[in-house]
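So the chains spell out like this:
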Amino acid sequence: QVQLVESGGGLVQPGGSLRLSCAASGSIFSINAMGWYRQAPGKQRELVAVITSGGSTNYADSVKGRFTISRDNAKNTVYLQMNSLKPEDTAVYYCNALIRSRFGPYEYDYWGQGTQVAVSS
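Summarised in this report is the structure supplied together with it.

Conventions and cut-offs
Residues numbered from 1 in each chain as written. Predicted model: local features only at pLDDT ≥ 70, side-chain atom pairs only at ≥ 80, totals over all residues. Heavy atoms only, no water. Phe/Tyr/Trp six-rings, centres within 6.5 Å; stacked < 30°, edge-to-face > 60°. Lys NZ or Arg CZ within 6 Å of the ring centre and 35° of its normal. Helix = DSSP H or I, 4+ residues; strand = E, 2+ residues; numbered from the N terminus. Contact = heavy atoms within 4.5 Å. Pairing = 2+ DSSP bridges. Axes fitted to C-alpha atoms, helices over the stretch in contact; angles between N-to-C directions. Disulfide = S-S within 2.5 Å. Buried < 20%, exposed > 50% of the residue type's maximum accessible area, 1.4 Å probe, protein only. Salt bridge = Lys/Arg side-chain N within 4 Å of Asp/Glu carboxyl O.

With that settled, the discussion passes to the packing of aromatic side chains. The full count for this structure, using the stated rule, is 1 aromatic pair. Just above the ring of Tyr-79 sits the side chain of Arg-19; from NZ or CZ to the centre is 4.1 Å. Lying over the aromatic face of Tyr-94, Arg-45 brings its terminal NZ or CZ to 3.7 Å of the ring centre.

Here we come to the environment of Gly-112. You can see Gly-112 is positioned in the loop between β10 (107–111) and β11 (115–119). Measuring from C-alpha to C-alpha, the distance between Gly-112 and Val-48 comes to 15 Å, with 64 residues separating the pair along the chain. Contacts of Gly-112, omitting those with residues within four sequence positions, involve Leu-4, Glu-6, Tyr-94 and Cys-95.

This brings us to the sheet that holds strand β7 (residues 67–72). By way of backbone hydrogen bonds, the strands of a sheet pair with one another, either parallel or antiparallel. Reading across from one edge, β1-β3-β8-β7 is the order of the 4 strands in this open sheet, with antiparallel pairing throughout. Edge positions in the sheet fall to β1 (2–7) and β7, since each of these pairs with one other strand and no more. Taking the axes of each pair of neighbouring strands and ignoring which way they run, one obtains an average angle of 15° across the sheet. Of the strand pairs in this sheet, strand β3 (residues 18–26) and strand β8 (residues 77–82) are connected by 6 bridges, and their pairing is antiparallel. Note on β8: the bridge partner recorded for Arg-19 is Gln-81.

A few words on unusual backbone geometry. A positive phi angle, close to 50°, is found at Asn-76, a residue other than glycine. Relative to the helices and strands, Asn-76 resides in the loop between β7 and β8. Here the phi dihedral of Ser-84 falls at roughly 50°; this positive angle occurs in a residue that is not glycine. In this structure, Ser-84 sits in the loop between β8 and β9 (91–101).

Scanning the model with the defined rule gives 1 disulfide in all. The disulfide bridge from Cys-22 ends at Cys-95, spanning 2.1 Å between sulfur atoms. Taking the sign of the S-S torsion, about -80° here, the bridge from Cys-22 to Cys-95 comes out left-handed. Taken as a pair, Cys-22 in strand β3 and Cys-95 in strand β9 lie far apart in primary sequence, 73 residues in all. A relative accessible area of 0% means that Cys-22 is categorised as buried.

Another point: the pairing of β1. Alternating residues of β1 divide into Val-2, Leu-4 and Glu-6, all buried, and Gln-3, Val-5 and Ser-7, none buried. Strand direction decides the pairing type here: β1 and β3, joined by 6 bridges, are antiparallel. Paired with Leu-4 across the two strands is Ala-24, which belongs to β3.

Below, the discussion takes up the pattern of salt bridges. For the coordinates displayed, the defined rule picks out 4 salt bridges. The closest approach of N and O atoms between Asp-61 and Lys-64, which form a salt bridge, is 3.1 Å. The network of salt bridges with shared partners includes Arg-38, Glu-46, Arg-66 and Asp-89.

Below you can see the structure in the form of structure tokens.
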């Protein structure tokens, strides 16, 4: 059993900052890429940022220069530092990870439960 648990969402004013965390736990053998997605009301889920096991990163154009993704491999945790937040960043943010469990040779996608981020004055 593998779980992803997110934390750090909340309400913030435009221009403010939030830091999201996502910790993977359970019968983990290895973790490949980890990332953050978001889904606003009435819209499709979209990729925000992704980081490989080697530390390479990729960002959606809408968040480049404002958001930073990082990971602590020793803690099986991925972070998303969000600065200069805008109302259009309001969404439910989901953590995603490609994980190989101790019980088999294959990697599978796992998702967190989501954490709400609201940017409003």
